[in-house]
Amino acid sequence: MAREIHKGGKMSYYDECFTRLMGNEGGYSNNPKDPGGETNWGVTKKSYPALNIKNLTQDDAKAIYKRDFWDACRCEELFPVLAFAVFDCAVNSGCRQAVELLQQALGVDDDGVFGRVTMRRVNDEDASVLTAKYLGRRLGFMTNLRPWDTFSKGWARRIAEQLLNL
């Protein structure tokens, strides 16, 4: 069930989420402590080895995010607050991990496949409560990542900002 909240407007909800995401991702970097390696607009060389990351435009990144994260995680079908949380997680940790964390928050088999059972359970939940559970799962997952010591402040701030918007 799509959550259309911007009918007739110029900007789609995806456009708004992408703009918000760019506030966290920024432009070009090549931090040796980043497991993704060379990065631009959050798109990594590790994930897209054939791309010229340094010359990637924001419009290129927007098309990649739409196809490979937003659409792949069925974000258009989610409650808006949950859609952004899942999208943001997918960009940081991959779609499979984003869906597994959602399934864990729902208490269903966490196989990483966003199918009928997962969607049915999403639709049975309160959007804010489910999003809070999801973000808690995500934070717990991130604290166990090797680069947590380097990136923890930014990652925790990113999740805290989403919790404040519930």
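Residues numbered from 1 in each chain as written. Predicted model: local features only at pLDDT ≥ 70, side-chain atom pairs only at ≥ 80, totals over all residues. Heavy atoms only, no water.

Caption draft 1: A look at the overall build of the chain. The number of helices and strands found in the chain is 7 helices and 2 strands. Taken over the C-alpha trace, the chain has a radius of gyration of 16 Å; the compact-globule value for 166 residues is 15 Å, and the two agree within 12%. Taking the principal axes of its C-alpha atoms as reference, the chain extends roughly 45 × 40 × 30 Å. Every one of the 166 residues in the chain was classed for burial, and the buried ones make up 42%. In the chain, of all internal contacts separated by at least 6 residues, the share reaching a separation of at least 24 is 51%. On the chain, roughly 8,800 Å² of surface is accessible, and the fraction owed to carbon and sulfur atoms is 51%. Computing the positive centroid from 23 side-chain charges and the negative centroid from 22, the chain places the two 2 Å apart. (Helix = DSSP H or I, 4+ residues; strand = E, 2+ residues; numbered from the N terminus. Rg over C-alpha atoms; globule rule 2.2 N^0.38 Å. Buried < 20%, exposed > 50% of the residue type's maximum accessible area, 1.4 Å probe, protein only. Contact = heavy atoms within 4.5 Å. Areas by Shrake-Rupley, 256 points an atom, 1.4 Å probe, with all protein chains shown as cover. Lys, Arg positive; Asp, Glu negative; His and termini not counted. Charge placed at Lys NZ, Arg CZ, Asp CG, Glu CD.)

Caption draft 2: Fine view of the packing of helix α3 (residues 80–93) against helix α4 (residues 95–106). Relative to each other, α3 and α4 sit at 135 degrees, their axes nearing to 7 Å. Classified by the angle their axes make, α3 and α4 are oblique. α4 is crossed by α3, and the crossing has right-handed handedness. Along the contact surface, α3 presents Leu82, Val86, Cys89, Ala90 and Ser93, while α4 presents Cys95, Gln97, Ala98, Leu101 and Leu102. (Axes fitted to C-alpha atoms, helices over the stretch in contact; angles between N-to-C directions. Parallel < 35°, antiparallel > 145°, perpendicular 65-115°, else oblique. Left-handed = near helix turned anticlockwise from the far one by under 90°.)

Caption draft 3: Broad picture of α4. For α4, built from 12 residues, the straight-helix expectation of 16 Å at 1.5 Å per residue is met to within 8% by its first-to-last C-alpha distance of 16 Å. Summarising burial for α4: 10 of the 12 residues are buried, a large majority. Against α2 (58–71), α3, α5 (116–124) and α6 (127–143) lie the buried residues of α4. (Expected span 1.5 Å × (residues − 1).)

Caption draft 4: How the structure looks around the pattern of salt bridges. If you walk through the whole model with that rule in mind, you get 8 salt bridges. Arg121 is the partner of Glu125 in a salt bridge, and the nearest nitrogen-oxygen pair spans 3.3 Å. Within this structure, Asp88, Arg138 and Arg158 form a network of salt bridges that share partners. (Salt bridge = Lys/Arg side-chain N within 4 Å of Asp/Glu carboxyl O.)

Caption draft 5: Seen up close, the nonpolar core. Of all hydrophobic cores here, the largest spans 47 residues; its most connected members are Tyr65, Phe87 and Tyr134. Counting residues per element, the ones that place at least two in this core are α1 (13–25), α2, α3, α4, α5, α6 and α7 (148–164). With 9 residues, α3 is the largest single contributor of residues to this core. Residues within four places of Tyr134 in sequence aside, it is in contact with Leu82, Ala85, Val86, Cys89, Ala98, Leu101, Leu102 and Ala105. (Core = buried A, V, L, I, M, F, W, Y, C linked by side-chain atoms within 4.5 Å.)

Caption draft 6: Quick look at the packing of aromatic side chains. What the rule picks out here adds up to 10 aromatic pairs. On the numbers, 6.0 Å between centres and 55 degrees between planes, the contact of Tyr13 with Trp70 is tilted. Of the two residues, Tyr13 is situated in helix α1 and Trp70 in helix α2; the sequence distance between them amounts to 57 residues. The exposure class assigned to Trp70 is buried, which follows from its relative accessible area of 1%. Between Phe18 and Tyr65, the ring centres sit 5.8 Å apart and the planes meet at 50 degrees, which makes this aromatic pair tilted. A residue pair is termed long-range when its members are at least 10 positions apart, and Phe18 in helix α1 and Tyr65 in helix α2 qualify at 47 residues. For the residue pair Phe18 and Tyr65, the accessibility class agrees, reading buried in each case. Following the ring pairs from residue to residue traces out a cluster consisting of Tyr13, Tyr14, Phe18, Tyr65, Phe69, Trp70 and Phe87. (Phe/Tyr/Trp six-rings, centres within 6.5 Å; stacked < 30°, edge-to-face > 60°.)

These results come straight from atomic positions and should not be treated as a statement about function.
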